[in-house]
Amino acid sequence: MSVPLTKGGNVSLSKQAPGLTAVTVGLGWEADAGYELDASALLCDASGKVLSDRHFVFFNNLSSPDGSVRHGGGSPAGGDDQRIDVDLTRVPAEVTKVVFPVSLYEGAARGQAFGQVRRAHIRVLDQEGGAELARYDLAAGGLSGETALVFGELYRHGAEWKFRAVGQGYASGLAGIAADYGVEILRETTDPDGSPAASGPDAGPAAYAPAPPAPMPTTPPPVPAPPAPPAPAVPVTPTPTLVSPLPPTVTAPPQPTRSPAMTCFFDPGHGPGTTSVHWYPQWGVPRPVQTCAECAQRVQTTAPPFYTPPQPMSPGYPQAQQGYPQQGYPAPQGDQQQGGRRFGTGALIGAGAAGLVGGALLNEAFDDDEPDVVINNYYEE
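Residues numbered from 1 in each chain as written. Predicted model: local features only at pLDDT ≥ 70, side-chain atom pairs only at ≥ 80, totals over all residues. Heavy atoms only, no water.

Peer 1: Looking at this model, I keep getting lost on the overall build of the chain. Mind explaining?
Peer 2: Looking only at helices and strands, the chain features six helices and 19 strands. Burial status across the chain gives 35% buried among its 381 residues. Here the chain has roughly 22,600 Å² of accessible surface; of this, 57% comes from carbon and sulfur atoms. (Helix = DSSP H or I, 4+ residues; strand = E, 2+ residues; numbered from the N terminus. Buried < 20%, exposed > 50% of the residue type's maximum accessible area, 1.4 Å probe, protein only. Areas by Shrake-Rupley, 256 points an atom, 1.4 Å probe, with all protein chains shown as cover.)

This is how it looks when you write it as structure tokens:
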């Protein structure tokens, strides 16, 4: 037996038909020609929002993703204009209610509202036998400018399924329902005259049809000029970097030094001749010579004729003493002893004569700047 409901009333379908597994929700109305009404279903969770846009079932989406809710299309049957089947055993566990709204296609644009709909109802049938379990008839006098209306809803109550008569209208059409139930595809657009119009099922099938191609322009677009060919690459010769040469290094000439060959006149073994003195030879004229400092000291402190440094001799040959007594110096007394031998006065006179002859012969040799050999005279008995 069907239970009649008023706005806000509810009934337990599980108690009306124990073992109920599937129902059919029938919706109907009576309106003038030119009114197009569309029924739909929203599968909502505990927050009151649809699980996803695919859980919004209408004429362009006739089944929920799980197949538990199916739209029968626009074919009237049994006094109903449209029907929606619900398999209660297949409804996802997270779905707490199934809401059934009806909207006027282009109601705002056409100036239509539910106030001109003379009759409207929603009823629940047992799918197995077709028996009516509950019914809600919307009072025509209670509606005026609404363009969308929630007729009723199926909802869980513990282990039971119940039905409630809602009767809530929306003057903003299906866009208002979208705001309440979180359907993204239900959004308002603007008609050419500036009045708001709903998209989605409220806008009819055209809202979900592919957009028509844009009209071809009557004036062909200007043909862009072909790009100018790129200028040929001109090889760029790198400019050599001029590096100023470093100025030549000027080395100061070495200071003139005495020739290494300029050694001590009296004995080259003494080292370089660093001091210039006048030498009065035994034979010949005085001359300047270069001597070491020690020999220069001796020359400057010894009366002429200056001595010649002693030279090492072979054993058995005594070295004769050079020089003759000069004024102011004592002459040797008697015989002189040298090297362990005695020399008589006659021997000394003979030696002097021989020295005079030899000195004359060697005068030219002593005229050289630097003698290489020191000549010593030796006398024997």
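Peer 1: What exactly am I supposed to notice about the pattern of salt bridges here?
Peer 2: If charged atoms from side chains of opposite charge come close, those side chains can pair. If you walk through the whole model with that rule in mind, you get 13 salt bridges. A salt bridge links Arg119 to Glu30; the shortest N-O distance between them is 3.6 Å. Taken together, the residues span a long stretch of sequence, with Arg119 in strand 10 (residues 119-126) and Glu30 in strand 3 (residues 22-30) at a distance of 89 residues. Taking the relative accessible area as the measure of exposure, Glu30 reaches 37% and is therefore partly exposed. For the salt bridge of Arg118 with Asp32, the shortest nitrogen-to-oxygen distance reads 2.6 Å. On the criterion of sequence distance, the pair formed by Arg118 in the loop between helix 2 (107-110) and strand 10 and Asp32 in the loop between strand 3 and strand 4 (37-39) is long-range, its members being 86 residues apart. With a relative accessible area of 45%, Arg118 lands in the partly exposed category. Relative accessible area serves as the criterion here: at 40%, Asp32 is assigned to the partly exposed category. The structure contains a network of salt bridges with shared partners spanning Asp80, Arg83, Arg123, Glu132, Arg135 and Asp137. (Salt bridge = Lys/Arg side-chain N within 4 Å of Asp/Glu carboxyl O.)

Peer 1: I would appreciate a short explanation of the pairing of strand 11 (residues 132-138) in the present structure.
Peer 2: One face of the sheet, then the other: side chains in a regular strand alternate in exactly this way. Note that strand 1 (residues 3-5) and strand 11 share three bridges and pair parallel. In the strand pairing of strand 11, Pro4 is matched with Arg135. Both strand 10 and strand 11 contribute to a ladder of six bridges, which runs antiparallel. Its bridge partner being in strand 11, His121 is matched across the sheet by Asp137. (Pairing = 2+ DSSP bridges.)

Peer 1: I would appreciate a short explanation of the nonpolar core in the present structure.
Peer 2: A general feature of soluble globular proteins is that nonpolar side chains tend to end up buried together. One finds Leu13, Leu27, Phe100, Phe114, Phe151, Leu154 and Phe163 to be the most contacted residues of the largest nonpolar core, which totals 41 residues. Sequence-distant contacts of Phe114, that is, excluding residues within four places in its chain, are made with Leu37, Val102, Leu104, Leu143, Ser144, Glu146, Thr147, Ala148, Leu149 and Phe151. In this structure, Phe58, Ala148, Val150 and Ala178 belong to the second largest nonpolar core, which totals 15 residues. (Core = buried A, V, L, I, M, F, W, Y, C linked by side-chain atoms within 4.5 Å. Contact = heavy atoms within 4.5 Å.)

Peer 1: Looking at this model, I keep getting lost on the side chain of His71. Mind explaining?
Peer 2: Mapped onto the elements of the fold, His71 is located in strand 7 (residues 69-71). Residue classification places His71 among the buried positions, given a relative accessible area of 9%. At 2.9 Å, the side chain of His71 forms a polar contact with the backbone nitrogen of Gly73. Those residues within four positions of His71 in sequence are excluded, and the remaining contacts are Ala39, Val57, Phe58, Phe59, Leu62, Gln82, Arg83 and Ile84. (Polar contact = N/O pair within 3.5 Å; in protein donor to acceptor, adjacent residues only side chain to side chain.)

Peer 1: Please clarify how helix 4 (residues 293-301) should be interpreted in this entry.
Peer 2: Every α-helix carries 3.6 residues per turn, so stepping three or four residues along brings you back to the same face. For helix 4, the set of buried residues is Cys295, Ala296 and Val299. Mapping the buried residues of helix 4 onto a view down its axis gives an arc of 100 degrees, with all of them on the same face. Set apart from the buried face of helix 4 by more than 90 degrees, the exposed residues are Ala293 and Thr301. Where helix 4 is buried, its residues touch strand 16 (275-279) and strand 17 (287-291). (Arc of directions from axis to C-beta.)

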